[in-house]
Amino acid sequence: MTQSIGPFVERFEPPITLAAPVSDRLAGLTVAVKDNFDIKGTVTGGGNPEWAEDQSPADHNAAAVQTLLDNGAALVGKVHMDELAYSLMGMNARFGTPENPAAPSRVPGGSSSGSASAVASGLADIGLGSDTGGSVRLPASFCGLFGWRPTHGLVSGEGLLPLAESYDVPGFLTRDLETLSLLGEIFAEEQTAEGDVRLVYPSDVWRLCEDEAAAALKSALPKGDRNDSPLLPGGDLKALLPVFRNHQGYEAWQHFGGWIEKRAPEFGSDVGQRFSIAAKITPAEFEEAQARREAFRTHLKRVLVPGTVMVYPTSPGPAPLLTAGDDIFETFRSHALTMLAIAGHGGLPQLSVPLVASQGSPLGLSLVGAPGSDRLLIEVAKRFI
């Protein structure tokens, strides 16, 4: 069985606070920070020991960290993550796997594994994570939490170790919607939470979910007629994954490739394989992925007219067991990334809501809207809980 560890890389005793915060909106709330955000005076390790060895302590806080402090939050520690954020199950071959408190025999999800584990276990009220391909949304679903991937660019990524910057966003995990609403008021202050809403349940996305999990989620939905028009004409979503992998992989290699070739870090086999594949993506393949992504974004703009909210499962099913084989993990990861790539490709906000359980493990339901509809999604979530 995979080595199990606590969520913290480093605990702050006492917690880090500001003597005179700008506001007290988050006073009394604690935050666990993923180890790819800068915290002044600490090394940003990125879940990889060789990377950590090559870094100096940060000389200032990441923008998202500073905003949390400015609003009265207390930082209780830095938490574990998947290596350089290039994984999705929460299993770090170098440091181990943080426990999933909601389902201890199952993975916590990643790459924001420690953030989710700390919040689900009650060791922090807010988990600050990052989300490129689903690294906040999937752990939220696996651990029974609310998980918010903001509109791309809404929350500053300054001081966040990038993986693929055109997808990367800081994101948040909480146990309750009230705390998430506070974060929405702070980080999406200019948005309105009001407006007419049209719910759409795209049938082609629902078909990517396992039958038992889909049935459990549908049984918990509000009663009434449902618009189940497919997201794509013909309902074929298979192209979303290769576009994401080539686009993300090319960006990841541009950032880390030189360091990897020089340092030769001892990655876990899964992460190492992904970087090996990323190294071979050609500029022509990247340009093709860019063009196909842009075509999908154009389609999303037509679908997501103001007030439209797509509703579908966050994950193909409950978290895989810790003892599952590599083939099961890879198949699950591929199915999950296809679903999660929708918001990633479009730069869309997505909110995962803990709704039901299947096989004794939590399942999240996602709300996805047009860019800038983050606070509207938080308001709509009240209809489902």
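The structure we're discussing is the one just above.
In this numbering scheme, every chain counts its residues from 1 along its sequence in written order. A pLDDT threshold of at least 70 governs which residues receive local features in this predicted model, and a stricter bar of 80 or more applies before side-chain atom pairs are shown or counted, although totals over entire chains, interfaces and linings include all residues. Only hydrogens and water are set aside; all other atoms, that is, all heavy atoms of the structure, feed into the side-chain values.

**A look at the overall build of the protein**
Just so we agree on the cut-off: Secondary structure elements follow DSSP: runs of H or I no shorter than four residues count as helices, runs of E no shorter than two count as strands, and numbering proceeds from the N terminus. Just to be clear, the radius of gyration here is over C-alpha atoms, and the globule rule we use is 2.2 Å times residues to the power 0.38. Throughout this description, buried means an accessible area under 20% of the type-specific maximum (1.4 Å probe, protein chains only), exposed means over 50%, and partly exposed covers the range between. Note on areas: Shrake-Rupley, 1.4 Å probe, and residue coverage restricted to the protein chains presented here.
When you go through the protein residue by residue, the secondary structure sums to 12 helices and 12 strands. Scaling as 2.2 N^0.38, a compact globule of 385 residues should have a C-alpha radius of gyration of about 21 Å, and the protein matches this with 19 Å. A total of 385 residues make up the protein; the buried ones form 59% of that total. Carbon and sulfur atoms make up 51% of the accessible area of the protein, which totals about 14900 Å².

**Section: the side chain of H247**
Spelled out, the test is: Here a polar contact means two N or O atoms within 3.5 Å. Within protein one must be a hydrogen donor candidate and the other an acceptor candidate, and residues neighboring in sequence count only if both atoms are side-chain atoms. When checking whether two residues touch, look at their non-hydrogen atoms; a contact exists if any pair is within 4.5 Å.
Along the chain, the position of H247 falls in helix α8 (residues 240-263). Separated by 2.9 Å, the side chains of H247 and E251 make a polar contact. Setting aside anything within four residues of it in sequence, one finds H247 in contact with S166, Y167, F286, A289, Q290 and R293.

**Topic: the packing of helix α10 (residues 283-303) against helix α11 (residues 326-346)**
What counts here: Only the contacting stretch of a helix is used when fitting its axis, a line to C-alpha atoms as for every element, and angles between N-to-C directions run 0 to 180 degrees. Orientation is classified from the angle alone, with under 35 degrees giving roughly parallel, over 145 giving roughly antiparallel, 65 to 115 giving roughly perpendicular, and any other angle giving oblique. Under the convention adopted here, Pro, Cys and the residues Ala, Val, Leu, Ile, Met, Phe, Trp and Tyr are nonpolar, Asp, Glu, Lys and Arg are charged, and Gly plus all remaining residues are polar.
As a packed pair, α10 and α11 sit with axes 9 Å apart at the nearest point and diverge in direction by 90 degrees. The angle between the axes of α10 and α11 places the two elements in the roughly perpendicular class. Residues R293, F296, R297 and L300 of α10 pack against I342, G344, H345 and G346 of α11. A class-by-class count of the residues in the contact of α10 with α11 yields 3 nonpolar, 3 polar and 2 charged.

**Structural notes on the side chain of H80**
In this structure, H80 sits in the loop between β4 (74-79) and β5 (97-98). On the accessibility criterion, H80 (13% relative accessible area) is buried.

**Observations regarding the sheet that holds β4**
Cut-off, in case you're wondering: Only when DSSP finds a minimum of two bridges between them are two strands counted as paired.
The 10 strands lie next to each other as β2-β4-β3-β6-β8-β7-β11-β12-β10-β9, forming an open sheet whose pairing is mixed. The sheet is open, and its two edges are formed by β2 (8-16) and β9 (198-200), each paired on a single side. Within this sheet the neighbouring strands show an average axis-to-axis angle of 25 degrees, counted without direction. The pairing of strand β10 (residues 308-313) with strand β12 (residues 361-368) spans 4 bridges and is classified as antiparallel. Its bridge partner being in β12, P313 is matched across the sheet by L365. Here helix α7 (residues 211-219) sits on the sheet in contact with β10, β11 (350-358) and β12, set at roughly 105 degrees to β11. Across the face of the sheet, α11 comes into contact with β7 (146-149), β10 and β11 while running at roughly 155 degrees to β10.

**A closer look at the pattern of salt bridges**
The following threshold applies: Note on definitions: salt bridges are taken to be side-chain nitrogens of Lys or Arg within 4 Å of carboxyl oxygens of Asp or Glu.
Throughout the structure, instances matching the rule amount to 14 salt bridges. Ionic pairing is found between K78 and D35, a salt bridge with its closest N-O pair at 3.1 Å. With K78 in strand β4 and D35 in the loop between β3 (30-34) and α1 (49-53), the pair connects residues that are 43 residues apart, well separated along the chain. A single burial state applies to K78 and to D35, both of which are buried.

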